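Spelled out, the chains give:
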Amino acid sequence: MVPRVPLPPEIQLAQRLAGNEQVTRDRAVKKLRKYIVARTQRAAGGFTHDELLKVWKGLFYCMWMQDKPLLQEELGRTISQLIHAFQTTEAQHLFLQTFWQTMNREWTGIDRLRLDKFYMLMRMVLNESLKALKTQGWQERHVEQLLELLTMEILHPDSQAPSGVKSHFLEIFLEELSKVGAAELTADQNLKFIDPFCTIAARTQDSLVLHNITRGIFEAIVEQAPFAIEDLMNELDAQEEEDGMSEDDEHEQDVLSKEPGSPHGAARDRSEKLPGDGEDSVGPVLQFDYEAVASRLFVVASQQGTPSQNRKRLYKVIRKLQDLAEGLFPEDDVPEKAYRNLQEEGQERRTKKRPKSRSQKQPGKGGKEDSRPDPSSGSERRMRRRRRRGSGTEPTGPQEQLGGPGGRGARKKRRRLRAGARVKVAGCQELQTKQRPLQSRK
């Protein structure tokens, strides 16, 4: 009788990870972590590419078999944190590479009901891979290796990544980078993180990839610019308060805060909340040098081999970034601290106009009230527009149309004028409207 050859440990673990019983799967995940730590600690140890592909296939079906959202989240966190069990950076990158290759291979077989759990797993794995960079001190060599890995496996035209994987990755990359490194990364480091996206956006022939990069990376930077300014101003205010506080005041405040039930302690606890803890906050945001981002995009977009549609799309983004670099951005996007004075001035002007419109409703000489509506009110204007559109007997010329020369509606024109109102930022300490600066932290 031929003796039975034992299976390699990777295959045994993969079979247990894909088992039908949850207890078996949970035990297999714990054993896998211990096995990774023990094997990568040896100088001659480590995993091969094929071995990690087998491990990830077992982990993939372990996630596939898991039901209930809370248990799925817990399992996804446990699986993604396996990257920290590897003792070398090369082993970590190989673990990440085989993960994305597994997702690319198995993506088309995922049904609609299981799609959300794998979206969550991709987000968690990306988050933990960025945390691994953080523990390594954001070393430039390791950052370049990770970005090259992600580019080759997901964004490169020769990669096998389906459109769903690419789209989700581009949607979550900037969010997860903000969560992990917003408090530490400088503008120069953030520019290196988005440099591969600049190159791919200029070269890709896939219109969907171009749209997702523009929307998920570059336009997200533009949209978050007001909040980045707000965070920068909060940091500057905090530094000024710390510098202006004397040692006696610090000692007195510490004594008061230690007293049980002291209102000073409660006030201090409230003041120590992070800027991103508010209800209306978007969370931590990254700081960028908008002029540097615009210059980098212009370099890749102006190359001879860049397709015309890519160049046209990127030039629109470049103009927005250049406006931000010059201290110009729409008034609607200015943070609350930056346009509070503008709102107060507008409110004062409106209150001055109200008595004039109310006086038309006062009784006249004959003792009768004027029941006609205010000609300047919005309802009366809407009624006149309806009558003009309905009658058709009073055609208007090109200069008298509602949209003006462009032929657009009055509503669109008003929105453009309101969004086009600009606020200039003068330096890092004050705005021209006595607001916050636009310069990003470097």
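None of these values were measured; they are calculated from a predicted model.

## Topic: the overall build of the protein chain
When you go through the protein chain residue by residue, the secondary structure sums to 18 helices and 3 strands. Within the protein chain, the proportion of its 442 residues that are buried is 39%. About 26900 Å² of surface is accessible on the protein chain, with carbon and sulfur atoms providing 49% of the total.

## Here's the deal with the packing of helix α6 (residues 115-135) against helix α7 (residues 140-155)
At a minimum axis separation of 10 Å, α6 and α7 run at an interaxial angle of 160°. By the angle between their directions, the pair α6 and α7 is classed as roughly antiparallel. The interaxial crossing formed by α6 with α7 has right-handed handedness. Packed against α6, whose contacting residues are L126, S129, L130 and L133, the element α7 presents H142, V143, L146 and L150 at the interface. For the contact of α6 with α7, the per-class residue count stands at 6 nonpolar, 2 polar and no charged.

## A few points about the side chain of R25
Within the fold, R25 resides in helix α2 (residues 22-41). Of the buried charged residues, R25 lacks a salt bridge, with D26 as the closest side chain of opposite charge at 5.8 Å. The residues contacting R25, other than those within four sequence positions of it, are R16, L17, G19, N20, C62, M65 and Q66.

## Observations concerning helix α10 (residues 207-223)
The largest bend along α10 measures about 30° and falls at T214. Most of α10 sits out of view: 12 of its 17 residues are buried.

## Looking at helix α9 (residues 187-203)
Its 17 residues give α9 an end-to-end C-alpha distance of 24 Å, which sits within 8% of 24 Å, the value for a rise of 1.5 Å per residue. Maximal helix bending in α9 amounts to about 40°, located at I194; proline P196 follows within four positions. Burial analysis of α9 places 12 of its 17 residues in the buried class, the great majority of the element. Within α9, burial applies to A187, N190, L191, F193, I194, P196, F197, C198, T199, I200, A201 and A202. Taken together, the buried residues of α9 touch α6, α7, α8 (163-181), α10, α14 (290-301) and α15 (308-325).

## Observations regarding the nonpolar core
Residues F169, F173, F193, F197, F218 and L297 are the most contacted members of the largest nonpolar core, which totals 88 residues. If we skip the residues at most four places from it in the chain, F218 touches F197, C198, A201, I213, L297, L314 and V317.

## A few points about the pattern of salt bridges
Within this structure, the stated rule accounts for 14 salt bridges. For E175, the salt bridge identified is with R123, shortest N-O distance 3.1 Å. Pair noted here: E175 is in helix α8 and R123 is in helix α6, with a separation of 52 residues, a long-range link. For E175, a relative accessible area of 37% translates into the label partly exposed. A residue is classified by how much of its surface remains accessible, and R123, at 24% relative accessible area, is partly exposed. Among the charged side chains, a salt-bridge network with shared partners connects R123, E175, E176 and K179.

## Focus: the confidence of the model for the protein chain
Scored by pLDDT, the protein chain comes out at a mean of 75, with 61% of its residues at no less than 70. Predicted confidence is poor over residues 352-379, with pLDDT under 50, and the contacts of this stretch with residues over four places away or in other chains come to 17 contacts. In the predicted structure, residues 389-442 sits below a pLDDT of 50 and forms 96 contacts with residues beyond four places in sequence or in another chain.

Criteria and cut-off values
Every chain is numbered on its own, with residues counted from 1 as its sequence reads. Since the coordinates come from a predicted model, pLDDT governs what is reported: local features require at least 70, and pairs of side-chain atoms require 80 or more to be given and counted, while whole-chain, interface and lining totals use all residues. Water and hydrogen atoms were dropped before computing side-chain values, which therefore reflect all heavy atoms in the structure. Helix numbers and strand numbers start at the N terminus; a helix is a DSSP run of H or I with at least 4 residues, a strand a run of E with at least 2. The classification of residues rests on relative accessible area computed with a 1.4 Å probe and restricted to protein chains. Under 20% of the type maximum is buried, over 50% is exposed, and intermediate values are partly exposed. Accessible surface area values rest on a Shrake-Rupley calculation with a 1.4 Å probe, where residue burial reflects the displayed protein chains alone. With axes taken as lines fitted to C-alpha atoms, and helix axes fitted only over the stretch in contact, angles between N-to-C directions fall between 0 and 180 degrees. These descriptions rest on fixed angle ranges, namely under 35 degrees for roughly parallel, over 145 for roughly antiparallel, 65 to 115 for roughly perpendicular, and the rest for oblique. A crossing counts as left-handed when the near helix is turned anticlockwise from the far one by less than a right angle, and as right-handed when that turn is clockwise. We call two residues in contact when some of their heavy atoms are within 4.5 Å. Each residue is assigned to one of three groups, with Ala, Val, Leu, Ile, Met, Phe, Trp, Tyr, Cys and Pro labelled nonpolar, Asp, Glu, Lys and Arg labelled charged, and all others, Gly among them, labelled polar. Positive charges come from Lys and Arg, negative ones from Asp and Glu, while His and the chain ends are left out of the count. Here, a salt bridge means any Lys or Arg side-chain nitrogen found within 4 Å of an Asp or Glu carboxyl oxygen. The angle between axes fitted to the seven-residue stretch ending at a residue and the seven-residue stretch beginning at it gives the bend at that residue. Expected helix span is given by 1.5 Å per residue-to-residue step, counting one fewer step than there are residues. Remark: nonpolar core denotes a set of buried residues (Ala, Val, Leu, Ile, Met, Phe, Trp, Tyr, Cys) joined through side-chain atoms within 4.5 Å. Confidence scores labelled pLDDT are given residue by residue by the predictor and lie between 0 and 100.

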